[in-house]
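Chain residues, written in single-letter form:
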Amino acid sequence: MKRCEDVGPWAGRPRAQMRKSDEVEAMLHLRALGWGLRRIAREFGCSKNTVKRYVAADGWMTYSRRAGGGKLEDQETWLKERFFQHGGNAEVVRQDLVREQGIDVSLRTVERAVAPFRRLLTAEAKATVRFETPPGRQLQVDFGQRRVPIADERVRVYLFVATLGYSRRCYVATFRHERQSSWFRGLEGAFHHFGGVTREVLLDNPRPLVVDHDMMDAHLEWWQREIADRRRHGTTGEVPLERFAREAKCLRPCAGRPAFGQLRDLTRTVHADCAVVVDTNTYSVPWRLIGERVRVVVSGGRVRVHHGPRVVAEHVEHEGRHARVTDRAHLVGVVGGPRPAETAAARPKPELLRPLDEYAAVAGGRF
């Protein structure tokens, strides 16, 4: 007896090309979602021409098939409904088969039967639907990083990109790190750039594409003003700056709003190297506090270390990473550290505001 692929229009074609009606339905669904023929063929393990024939026919093409299709031959509709109902859990479908249909088969049999539905379920999960937001509703934020040449050295630069959801007008700023303070400064800069505040902010983290940097901030400012704001957007078909004219009046004013409170209150233990670590950078602390718990406040570009009610150390916040910031006075008394005389000599002597004779006259004698 000849196999089904040896007769009819499928003669001479490999068995892997035979597809069930639900598989063909899944192929057509993926095609409608914009998948290419090659991608669909890889997904189903068949040739591109097979997918092409089904797409051209806009459906499943009949062919001769073997008699005796097994216990699940007439259960395709029921299986599809239950498979999607249970979110792709084949074991639960198998249990429903036994309880409701009186059909007892192995899990592997059910998995083979629902394989085309699983591809369709996966495709629906991957598919995304573009949606539009009304003017002034949403600000979308991406934060990525890139190494760029600056003064013959490749430097890691972080890019903050904020785009208004309606007009697609964007704001771009550069930072040396991606810490909380950079997020705050980026958001605040975007609100001032657009002249208002949106009702919500959508955060995402794709890696932005940066080709070249020459006087980076000035270049980005020019690019936003002359290119990004004036080109015709591929999605809306309009110029962002013209579309922004309708969105600007829907933004809530930011005038009079105080700046974000960029303050972090941390607890640290002073290490044996007389320092505390904040954002991978180490800041020196008087050596007598080694092993003590201290409070570290980061605000306004300063790092202040508190022990009890006193500020025992204060440094300028370092923007890079893995750097060591040291006040030599914190090491006085440590083996190999500076001598007390060195630090005393560095301090300016107090200046007398009056001649010594005047002080002597008031004291009733001479020094």
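Before any of the text, the structure's been laid out above.
In this report, the structure presented in the accompanying data block is examined. (Residues numbered from 1 in each chain as written. Predicted model: local features only at pLDDT ≥ 70, side-chain atom pairs only at ≥ 80, totals over all residues. Heavy atoms only, no water.)

## Details of helix α4 (residues 76–85)
Applicable threshold: For every residue, the accessible area (1.4 Å probe, protein chains only) is compared with the maximum for its type, and the residue is labelled buried under 20%, exposed over 50%, or partly exposed between those bounds. Here a helix means four or more residues in a row that DSSP labels H or I, a strand means two or more in a row labelled E, and each is numbered from the N terminus. In this context, the arc is that of the directions from the helix axis out to the C-beta atoms.
Restricting attention to buried positions, one finds in α4 the residues Trp-78, Leu-79, Arg-82 and Phe-83. Taken around the axis of α4, the buried residues stretch over an arc of 125°, which confines them to a single face. Across α4 from its buried face, at more than 90 degrees, point the exposed residues Thr-77, Glu-81 and Gln-85. Once α4 finishes, Gly-87 follows within two positions and takes phi at roughly 65°, a positive value.

## Looking at the packing of aromatic side chains
The geometry of two aromatic rings is summed up by the distance between their centres and the angle between their planes. What counts, and what does not: What counts as a ring pair is set by centres within 6.5 Å for rings of Phe, Tyr and Trp (its six-membered ring), and what kind of pair is set by the plane angle: stacked under 30 degrees, edge-to-face over 60, tilted for all other angles.
One pass over the structure, following the stated rule, counts seven aromatic pairs. On the basis of an interplanar angle of 55° and a centroid distance of 4.8 Å, the ring pair of Phe-143 and Trp-183 is categorised as tilted. On the criterion of sequence distance, the pair formed by Phe-143 in strand β1 (residues 138–150) and Trp-183 in helix α8 (residues 180–194) is long-range, its members being 40 residues apart. On the numbers, 6.3 Å between centres and 45° between planes, the contact of Phe-194 with Phe-244 is tilted.

## A few points about the environment of Leu-97
What counts, and what does not: In this analysis, two residues are considered to be in contact whenever any of their non-hydrogen atoms come within 4.5 Å of each other.
Here Leu-97 is to be found in helix α5 (residues 90–101). Judged by relative accessible area, Leu-97 falls into the buried class, the value being 0%. Along the sequence, Leu-97 and Val-110 sit 13 residues apart, while their C-alpha atoms lie 9.4 Å from each other. Excluding residues within four positions of it along the chain, Leu-97 makes contact with Leu-72, Trp-78, Leu-79, Gly-102, Ile-103, Val-105 and Val-110.

## A look at the sheet that holds strand β5 (residues 263–269)
To summarise the sheet geometry, strands pair through backbone hydrogen bonds and adopt either a parallel or an antiparallel arrangement. The cut-off we apply is this: When DSSP locates at least two bridges between a pair of strands, those strands are taken to pair. Between the N-to-C directions of two axes lies an angle of 0 to 180 degrees, each axis being a line fitted to C-alpha atoms and, for a helix, fitted only over the stretch in contact.
A sheet is described by the order of its strands in space; here four strands give the open sequence β5-β8-β9-β10, paired in antiparallel fashion. Only two strands of the sheet have a single neighbouring strand rather than two, namely β5 and β10 (310–316). Strand-to-strand twist of the sheet, defined as the mean angle between neighbouring strand axes without regard to direction, takes the value 25°. As judged from the six bridges shared by strand β9 (residues 302–307) and β10, these two strands associate in the antiparallel manner. The residue bridging His-307 from the neighbouring strand is Arg-310, located in β10.

## Structural notes on the sheet that holds strand β11 (residues 324–325)
Taking strand neighbours across the sheet as the criterion, the three strands line up as β6-β7-β11 in an open arrangement whose pairing is mixed. With partners counted over all chains shown, the strands left at the sheet margins are β6 (275–278) and β11, one partner each. Pairing analysis gives four bridges linking β6 to strand β7 (residues 281–284), with the strands arranged antiparallel. Looking across to β7, one finds that Ala-275 is bridged to Ser-284.

## Re the nonpolar core
Stated formally: Within this scheme, the nonpolar core is defined by two criteria: the residues are buried Ala, Val, Leu, Ile, Met, Phe, Trp, Tyr or Cys, and they are joined through side-chain atoms within 4.5 Å.
In terms of nonpolar packing, the biggest core is built from 18 residues, with Leu-139, Phe-160, Ala-190 and Phe-194 touching the most fellow members. Of all the secondary structure elements, the ones that give two or more residues to this core are β1, β2 (153–164), β3 (170–175) and α8. Leaving out residues up to four positions away in the same chain, Phe-160 has contacts with Val-141, Asp-142, Phe-143, Tyr-171, Val-172, Ala-173, Phe-175, Trp-183, Gly-186, Leu-187 and Ala-190. If you look at the next biggest cluster of nonpolar residues, it comprises 15 residues, including Leu-266, Tyr-283, Val-294 and Val-312.

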